[in-house]
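Structural overview for review
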Amino acid sequence: MALRSSRPRLHLRRRWQELRLIGQDPTLALGLAFVGLFVLLFVVYPLGRVGWQAFFDPQDGAFNLSYFRDYLSPMWRRHNLQVLRNTLVMGVGAATGGTVLGFVFAYTLVRCNIPFSRAVHTLALLPTISPPFAIAIASILLFGRNGLVTRQWLGIRFERGVNDIYGLDGLIFVQIITFFPVAYLIIRAMLERIHPSMEEAALNLGASKFHIFRTVTLPLLAPGIAGSFLLLFVESLADLGNPLLLGGNASVLSTEIFLAINGQYDQQKGAMLSLVLLIPTLTVFLLQHYYISRRSYISVTGKPAGGQAVVKEPGIRLTFITLMVISLVLILALYLSILVGSFTRLWGIDYSLDFSHYGAALTRGLNAILATTFLSTVATPVAGVIGMVVAYMVVRRRFTGKEALDFVSNLGGAVPGTILGIGYILAFINAPMIMVTILYGVLALYLVSTATGDARLRTVMLLGGAAVGYLLNWLPYLLGLTEDGWRYLLAAVFALLALAAGRAALPGRGRLVMYVLFAFSVALIAYNLTPLVTQPLVAWGRTLPGIFWPRLVVRLATFIPVFTQPTMAILGFTFLMAGGYLLWQMQPYARPWLTLGLLLPCTALVFFGQPLALVGTPYIVIAAYAVRSLPASVRAGVAALQQIDPSIEEASTNLGADAQTTFRRVTLPLILPAFIAGLIFAFARHMTSLSAIVFLTTAEWPILTVWILSEVEQGGMSTAAAYSVILIAIVLAAIGLVYWWLGRAFQGRGDVDLSLGAG
C-alpha cells in the first residue's frame, strides 16, 4: 500500500522538476506560458463556452434541454435527420472525390514526367488562394440556371423537376474542386518519398506493374490517402460559403447554424447545432490525430530519393494525363469565368465590357479590402511565431502536457469555423473574468516565484501586489484624474522603475532592462498621444480630391491605433510577460522590489474596465485568423525540426549559449524555409477565411469574404467576381513579394530551400 501511495507523489515530483527546469530558462518558460495561455484563451475557452451555452439558457442561466428535445421530437426529427444525412453525404462525397482527384494530380506530376509540371502544380493550387466560394460563383456563372454553358450554349431551360447546379450534387462537385489541392499536396509529398528501389526490386522479381502498385505503392501511400480523406471530410463539413450559395433545398448543419445565429438570433440553438456538428468532425480529427499519425509506413530512408520511378506504359500514362488535363481545363474555365464575369455588364443578359464593378469594389468596398489585408497581415506573424514555438516545445522539450498542447493547438483548425466563431461571440462579448484571473494568476505567480524562494514572501507579494494594483484602478475617481492622466501616472511609475532597475541589473544587462521598462512607459504615452496623429491625418485625408484617396487615407489612419491603443488588459499581460524575463537580468537582492514595482501597475492595467471584452475590436479577428492557421504552422515547424539533428543545438548549448541564443542563431536559420512556407499559407488562409469570421465582422472592421457573400446574396454576381479577382491578386502579390525577398536575402545560399514546395 505504501508503495502504491508513493507512486503518484513520485510522478508529481518528477513533473514538477520538469517544469522547474524549463522555468530556469526565462525564454523557454515565457514561451511555454505564452503559447499555453493563448490556446487556453482562444481555443479551449471558446469551445467550452459553446458546450456550456448548448445546455444553459443565455437569458437566465437556467439548465435547459428544450433544444435537444426539439431536435429529437417527432415534429422536427425528419428534417433534422435529413440535414444530418445531407451533411455526412456531402462530407463523404467531397472527401472521396477530392482524394481521388488529388491522387490523379499527384501521380501524374510525380510519375508520368509531363512537360510544364511547375505550371500545372501552380494552377492546381489556385483553389487554395481564392475565396472558399469562388468556385461556387464560377459554377453559377457557367452552369447555373442562366449560366453560359447550360443556358447560352446548351439551351437548357430549368423548369420544375429539372436538376440544376443547386443542391447536394452541385455542392459536392464544388467542394471537390475547392479542397482537392490539400489531398494533392499530401499525396504528392508521400509519393516523392517512396524510394524507387522498392518498386524496382518487386519488378525484378517478376511482379506486374498493377501488382506492384497494389502491394507496394498503395500501402506506402495509405497514411497519406487516409489522412487526405479525413482532412477533406472535416474541411467540407466546416465550410460555410459553398453550402450557402449552392445548397438550395439540401440544407446542411453549417448553414443551419449560420441561420440560427444570423437569422433567428438564437444563440442556444446555434450552440446546440454546433455540438451536433462537432461530433463527426471531432471524431474524425481524433481518428486522424491518434491513429494515422502514429502508424509507421517507412520507405527505406524516409527521405526523397535522387530519382523517381517513371511510368512508361502508354495506357497508364494516357489515362492519368487525360484525367488531369480534363480537370485542369475545368479549373481554368471556372477561374476564367470569374475573371470574365468581373468585366461583364450583366452576366447571362449583356456580355459587353464593363469596368464599373471594379470601380464599385475599389470605392464602396475599399474599406473591406484594406481592413482584410491589414488584419491578415498582422495575424500572419502571430500564427507563424506561435506555431514555431509550439513545434519547438513539442519536438525538443519534455514536459507534462506536451501532448495536450500539440492536440489543442491543432484543434482550432480542426473544428468547423462556425463553431469557433460562435464560441468567440459567447466568450468575449463580455469580460471573461474567469480567464482574465487565470491568465493573471499564472503570470503573476511566475513573477513572484522568480523574485524569491521564500514561500511566505511570495504569498504576501502576490496577494498584496494584486490587491494594491487593483485599487490603482480607482485613482481616476479618487483623485479626479482622467483616463489619460491615469496612464501618464503609470508611465511615470515605469520610468522610475527603469532608472532604479538599470543600476541594480546584472553586469552588462542594465541598458537592456532600462530600455524595456522605458518602452513600457513610452507605450502608455503613445496611447494618449495617438489621437494627435490620427485626427489630423483623417482631417487631411478628407480634403483630398476624388473618392478613392480620401477613403484610403482615412482607412490607413484607423490602422495606427491597432498598435498604439490596444486594450489595457493586452498591455498589462504583455508587460507581465516581459517583466518575467527582466527579473532574470537583475541582481538577486533587487528582484523582490522590482517584482512588486511591476505587479502594481500591471495589475491595474489588466483589470482596467472590461478586460478582454474583444467583440467589435480588430483583436478578436486577428485571434480567429491565427487560431485557424495555427495547425499548418505547427505541422510545418514539427516537420522541419524533426529533420534537424538535436546534436547541433546541443553543441551550441555546450559552448555556453542559452536557449534564446541557440534558437535565434542555430535553429531558426535551419527552419526558416518551413517558417516562411507557414507564413505564406497562413496569409492565404486568413485572406480567404469566412466561416469563423462571419460572426465577428463589424461595420468598422468589414471582411472581404463576407462582402463577397453579401454581393452574391443580393444578385451582384459581377461585383462579387470583381472582389474575388482582387482578393486573389492580393494573395498572389504577397506570395510574389515573399519569393522576391527570399531570393534577394538568401541568394547564393545552398542551405535555404527557396522552392517552398513549389514543385
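Data block above holds the structure.
Residues numbered from 1 in each chain as written. Predicted model: local features only at pLDDT ≥ 70, side-chain atom pairs only at ≥ 80, totals over all residues. Heavy atoms only, no water.

Turning to the overall build of the chain, a few remarks are in order. Within the chain, the regular secondary structure consists of 31 helices and two strands. The 759 residues of the chain split such that 53% are buried. Of the contacts made within the chain by residues no fewer than 6 positions apart, 80% connect residues no fewer than 24 positions apart. As displayed, the chain offers around 34700 Å² of accessible surface, 66% of which is attributable to carbon and sulfur atoms. (Helix = DSSP H or I, 4+ residues; strand = E, 2+ residues; numbered from the N terminus. Buried < 20%, exposed > 50% of the residue type's maximum accessible area, 1.4 Å probe, protein only. Contact = heavy atoms within 4.5 Å. Areas by Shrake-Rupley, 256 points an atom, 1.4 Å probe, with all protein chains shown as cover.)

Where the residue is not glycine, phi is negative for most of them; where a peptide bond is considered, it is trans in most cases. Not every positive phi belongs to a glycine, and Phe116 is a case in point at roughly 55°. Here Phe116 shows up in the loop between helix H4 (74–111) and helix H5 (117–124).

Under the defined criterion, the tally for this structure stands at 28 aromatic pairs. Each ring, one from Trp347 and one from Tyr351, has its centre 5.2 Å from the other, and the planes form 70°; the classification is edge-to-face. Note on Phe520 and Phe575: the rings are 4.2 Å apart at their centroids and 20° apart in plane angle, and the pair reads as stacked. Placement of Phe520 in helix H23 (residues 510–542) and of Phe575 in helix H25 (residues 568–583) is noted, with a sequence separation of 55 residues between them. Judged by its relative accessible area of 4%, Phe575 is buried. Grouping aromatic residues by their ring pairs yields a cluster made of Phe34, Phe38, Phe42, Tyr45, Tyr424 and Phe428. Across the ring face of Trp701, the terminal group of Arg555 is positioned such that the distance to the ring centre comes to 4.5 Å. A cation over an aromatic ring shows up here: Arg591 above the ring of Trp584, its NZ or CZ 5.5 Å from the ring centre. (Phe/Tyr/Trp six-rings, centres within 6.5 Å; stacked < 30°, edge-to-face > 60°. Lys NZ or Arg CZ within 6 Å of the ring centre and 35° of its normal.)

Further remarks concern helix H26 (residues 591–606). Here H26 spans 21 Å end to end across 16 residues, near enough to the 22 Å set by a 1.5 Å rise per residue. Among the 16 residues of H26, 12 are classified as buried, and the element is accordingly described as predominantly covered. What H26 keeps buried is the set Arg591, Leu594, Thr595, Gly597, Leu598, Leu599, Pro601, Cys602, Thr603, Ala604, Leu605 and Val606. Considering only its buried residues, H26 is in contact with helix H19 (433–451), helix H20 (455–471), helix H22 (483–503), H23 and H25. (Expected span 1.5 Å × (residues − 1).)

In terms of nonpolar packing, the biggest core is built from 231 residues, with Phe105, Tyr424, Leu517 and Phe573 touching the most fellow members. Here the element with the most residues in this core is helix H16 (residues 366–396); it accounts for 17 residues. For Phe573, the residues in contact, after removing those within four places along its chain, are Val436, Leu439, Tyr440, Leu443, Val606 and Leu612. (Core = buried A, V, L, I, M, F, W, Y, C linked by side-chain atoms within 4.5 Å.)

This part covers the side chain of Arg628. Mapped onto the elements of the fold, Arg628 is located in helix H27 (residues 618–642). Look past the residues within four positions of Arg628 in its chain and what remains in contact with it is Gly412, Gly413, Val415, Pro416, Gly417, Leu420, Arg685, Ser691 and Ala692.

As enumerated under the stated definition, the model contains six salt bridges in all. The partner of Asp484 in a salt bridge is Arg487, with the nearest N and O atoms 2.8 Å apart. With a gap of three residues between them, Asp484 and Arg487 both fall in helix H22, about one helical turn apart. We classify Asp484 as partly exposed; its relative accessible area is 35%. A residue is classified by how much of its surface remains accessible, and Arg487, at 4% relative accessible area, is buried. Connected through salt bridges with shared partners, the residues Arg345, Asp350 and Asp354 form a single ionic network. (Salt bridge = Lys/Arg side-chain N within 4 Å of Asp/Glu carboxyl O.)

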